[in-house]
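Okay, here's what each chain looks like letter by letter:
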Amino acid sequence: MNELQRIELKTEDRVNNGARGRDCHFPTYVSVMATPHSHDPVQDYTRRASSADVAAVRVEWRARRLSWSRLAGALVVVLSIVYANRGGSPGIAWITAAIGAGAFIVLVHLHRHAAARATRERETAAACRAGVARCLRDWPNVPPPRLATSPAGRGATARDLDIFGDVSLFHLLDVSAPALGGTRVVEWLLADPADVATIMERQRSVAELRSRPAFLLDAALIGRHGHYTLRSASGDALASFVSWCGHMSSPQTPWPSRGRLAGCCVGLIFALTVWHARFAVPLIALLVFVQLSLSVAARRHLTATLTGLGSLLPQLRGLDASMRLIIDEAEVPGLFGTVQQELRREGAADALGKLDAILTWNDVYLTPMAHWPLNALVALDVHLAAALERWRARYGSHIAEWVDRTSSAQALTALATLAYENPDWIMPLVSDEPSEPAFDAERAAHPLLAPAIAVRNPVRLAVSGSVLVLSGSNMSGK
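Definitions and cut-offs
- Residues numbered from 1 in each chain as written.
- Predicted model: local features only at pLDDT ≥ 70, side-chain atom pairs only at ≥ 80, totals over all residues.
- Heavy atoms only, no water.
- Helix = DSSP H or I, 4+ residues; strand = E, 2+ residues; numbered from the N terminus.
- Buried < 20%, exposed > 50% of the residue type's maximum accessible area, 1.4 Å probe, protein only.
- Contact = heavy atoms within 4.5 Å.
- Areas by Shrake-Rupley, 256 points an atom, 1.4 Å probe, with all protein chains shown as cover.
- Core = buried A, V, L, I, M, F, W, Y, C linked by side-chain atoms within 4.5 Å.
- Polar contact = N/O pair within 3.5 Å; in protein donor to acceptor, adjacent residues only side chain to side chain.

Undergrad: Tell me what's going on with the overall build of the protein, and back it up with residues and numbers.
TA: Counting its regular elements, the protein contains 17 helices and four strands. Going through the 478 residues of the protein one by one, you find that 45% of them count as buried. When contacts within the protein are restricted to residue pairs at least 6 apart in sequence, long-range pairs at least 24 apart make up 81% of them. Element-wise, carbon and sulfur atoms account for 61% of the exposed surface of the protein, whose accessible area totals about 23900 Å².

Laid out in structure tokens, this is it:
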């Protein structure tokens, strides 16, 4: 760490302290401390994008070969069946068919894995190129901002300082999910400054995260460039999910007991089948009728319960992926670390994983040929309804808090990404001591101009309430 210097004050003082969306008086004193960062983000991003492009081409070629191999496996199965039907050796035919079927299943799995990896490499390359555009202020090539606020909600200060818009501070920060970190960034930009202790906790996290480019890139893949549709989900969609999770069913809901009844029916069917009882067939038919009747009622309950949530699984998986990334990252000081500890202690990611499993099984109803046989055999919908009730009773009330913490962590990640992409920017020193200057910086420059053309100047407001007036020609530049 270099000695204390008053040097270039740029965007981070706005993010953490000053530039807000309402016309307010901020008595906070700001100076700046140099933090050495010798990396070249443009070079790093370019190298990573090139590597991802090469990897994507290689993996896509492997995926194509696996696709053809998968087709060959299916063809082996078909030819083996034809061979057996035309008088060939049944033993050889069925062994060959079994081998072909097994190879087909394995190749399907490998093909999906290769296709997913190729997609991720392409997304990584896109994320890196967007990072280069942000670093160079190449605004036409920066992905457009996805979260807009109404003019009435911005305030004169936000408009004057270009907080929002196609060329704006928020545009540089738009690397997280709109309904999570994006919304939280907007809240922080428009709100009055936080207290000094809160600012310091945020700064500690940003200062550490800016030195972890691999984590920042993974976060951008989830929130901005990845395939999770949470990145395009509205805040209303996420709010509906949170409201649904917090809605507790009445104590009289019978689905857990009906699930146990369905389990007993399965046991009786198995016992009667093994026992070969005289009345086994009619009893099994009766039990299957009971199971299907319960399943029909359960399906109605599930449909009513999940109505209005839209495509819940992609949103859930985006939230789950973000939580897991936060939890799995090495300990970070400050506010981000507090979020990590709380999410780990409460088992947030595991809870969302359980809900994901329930909803994945629920999607079986989209395939009737599999759905109703499963209901006849094990009353699948009854068990799903019971599992959903148990999940909401145990975890539903925690979701709002987990979403709030994840939003704060994503917002800190967005600030850290901005800091990483501008290595010559420094962290402001913030104080509320009235004896200190209200604002003191050297080599201050406009954060939305390309670093190569921005002209830097000293700015000092000696006391709170001071005003600096710029006059002369070419006022648009000022």
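This is not the end of the story, as more comes after the structure.
Undergrad: Outline the nonpolar core, listing residues and values.
TA: Phe-241, Trp-391 and Ile-399 are the most contacted members of the largest nonpolar core, which has 87 residues in total. Take this core: its biggest share by element is twelve residues, from helix H17 (residues 399-421). In this view, Trp-391 contacts Trp-244, Cys-245, Ala-351, Lys-354, Leu-355, Ile-358, Gly-396 and Ile-399; residues no more than four positions away in its chain are not counted.

Undergrad: If you had to explain the environment of Ala-207 to someone new, which residues and values would you point to?
TA: Along the chain, Ala-207 falls in helix H7 (residues 196-209). Of the residues examined, Ala-207 reaches a relative accessible area of 34% and is grouped as partly exposed. Between the alpha carbons of Ala-207 and Ala-419 there is a distance of 8.0 Å; along the sequence they are 212 residues apart.

Undergrad: Describe the side chain of Asp-356, naming the residues involved and giving the relevant values.
TA: Topologically, Asp-356 is positioned in helix H14 (residues 348-362). Note on Asp-356: relative accessible area 17%, which makes it buried. Polar side-chain contacts of Asp-356 include one of 2.7 Å to the side chain of Arg-317. Excluding its chain neighbours within four sequence positions, the residues that come into contact with Asp-356 are Leu-313, Leu-316 and Arg-317.

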